[in-house]
Amino acid sequence: PDRNTYIKNLRGKNMLGIIGKQGDILATFAKLEQLKNYTKSLMRGTDRGTQYEKGGNFFFRSDFNDTIFQVIPPNRLLPVYVLNLGNYKVSKQEGVDPGVSLEGKIIPQDWADTKNYIFMTFTKDNYDCPNTRKSKSVKIYHSMFSKEKHQLFIIEGDPTDYTPQILKNDIDGGVPVWPQSFMVGKNGEILLSLKGSEVKSHVQTAHFQKSTAMADRKENLKQLAASVSDQDDILMIVE
């Protein structure tokens, strides 16, 4: 068969395929998380997996998989991190079936691989969607894995507060941040793109007023806010 037909036939059966510059298929990697005898017309979108680039390398975790792989062209996968969820893990068969309860189950969400930490979010007891947020039946947790200490820390907070101030900025009282994979630079720094209007609005908030950051640095941020227009682009770098 031609290449397009070949790729179509592989769809859903593999978690990754590597295609060369000339369009030739260099490698495929089988997907273990397959549905069996699923006949329902509806499916939940519970686990999107993750993928990101870091240091010129590509990393990914397929949906309902517990391993983050580094891709080594042309035909190798290197396991880099493993999420050991044990009995809390959701299988694909359970995850997509709207009739299966997710009570007590954990589903990985965002993943940001920075220089010293990995920032992760995960849900418990349900999957994340507008309806489960409205009913507050899903709990969303934020956690940090220290690469130096090899320890995982769960951030304290209300898991049903879906817009929390996670990493408060104690440098200048600026905008708090919780990074996602696309917000990590090539050297592992956190990059946050802001509009001038966001900075202007932030310096008027109670969070900024109550910040324990040094007064001179808070004043510098206020001056920055006063000097930019609403549409100016500002890049915040956290190293």
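An account of the accompanying structure is given in this report. These figures come from a predicted structure and were not determined experimentally.

Quick look at the pattern of salt bridges now. Proximity of charged atoms lets side chains of opposite charge pair with each other. According to the stated counting rule, one finds eleven salt bridges in the structure shown. Between lysine 54 and aspartate 113 there is a salt bridge; the shortest N-O distance is 3.0 Å. With lysine 54 in strand E3 (residues 50-54) and aspartate 113 in strand E7 (residues 106-113), the pair connects residues that are 59 residues apart, well separated along the chain. Here lysine 54 falls in the partly exposed class, since its relative accessible area comes to 22%. Of the residues examined, aspartate 113 reaches a relative accessible area of 4% and is grouped as buried. Between aspartate 233 and lysine 195 there is a salt bridge, with the nearest N and O atoms lying 2.8 Å from each other. Separated by 38 residues along the polypeptide, aspartate 233 in strand E12 (residues 233-238) and lysine 195 in strand E11 (residues 190-195) bring together distant segments of the chain. Given a relative accessible area of 58%, aspartate 233 falls into the exposed group. Taking the relative accessible area as the measure of exposure, lysine 195 reaches 30% and is therefore partly exposed. Here the residues in one salt-bridge network are Lys31, Asp63 and Lys92, joined through shared partners.

Core analysis: the biggest nonpolar cluster contains 20 residues, and Phe119, Leu192, Leu194 and Val199 have the highest contact counts within it. At the level of secondary structure, the elements contributing two or more residues to this core comprise E11, helix H6 (215-227) and E12. A total of three residues in this core trace back to one element, the largest contributor, which is E11. Ignoring any residue separated from it by four or fewer positions in sequence, one finds valine 199 in contact with Leu194, Leu221, Ala225 and Ile234. Membership of the second largest hydrophobic core comes to twelve residues, among which are Ile68, Leu85, Phe122 and Phe145.

The rules behind each value
Residues numbered from 1 in each chain as written. Predicted model: local features only at pLDDT ≥ 70, side-chain atom pairs only at ≥ 80, totals over all residues. Heavy atoms only, no water. Salt bridge = Lys/Arg side-chain N within 4 Å of Asp/Glu carboxyl O. Helix = DSSP H or I, 4+ residues; strand = E, 2+ residues; numbered from the N terminus. Buried < 20%, exposed > 50% of the residue type's maximum accessible area, 1.4 Å probe, protein only. Core = buried A, V, L, I, M, F, W, Y, C linked by side-chain atoms within 4.5 Å. Contact = heavy atoms within 4.5 Å.

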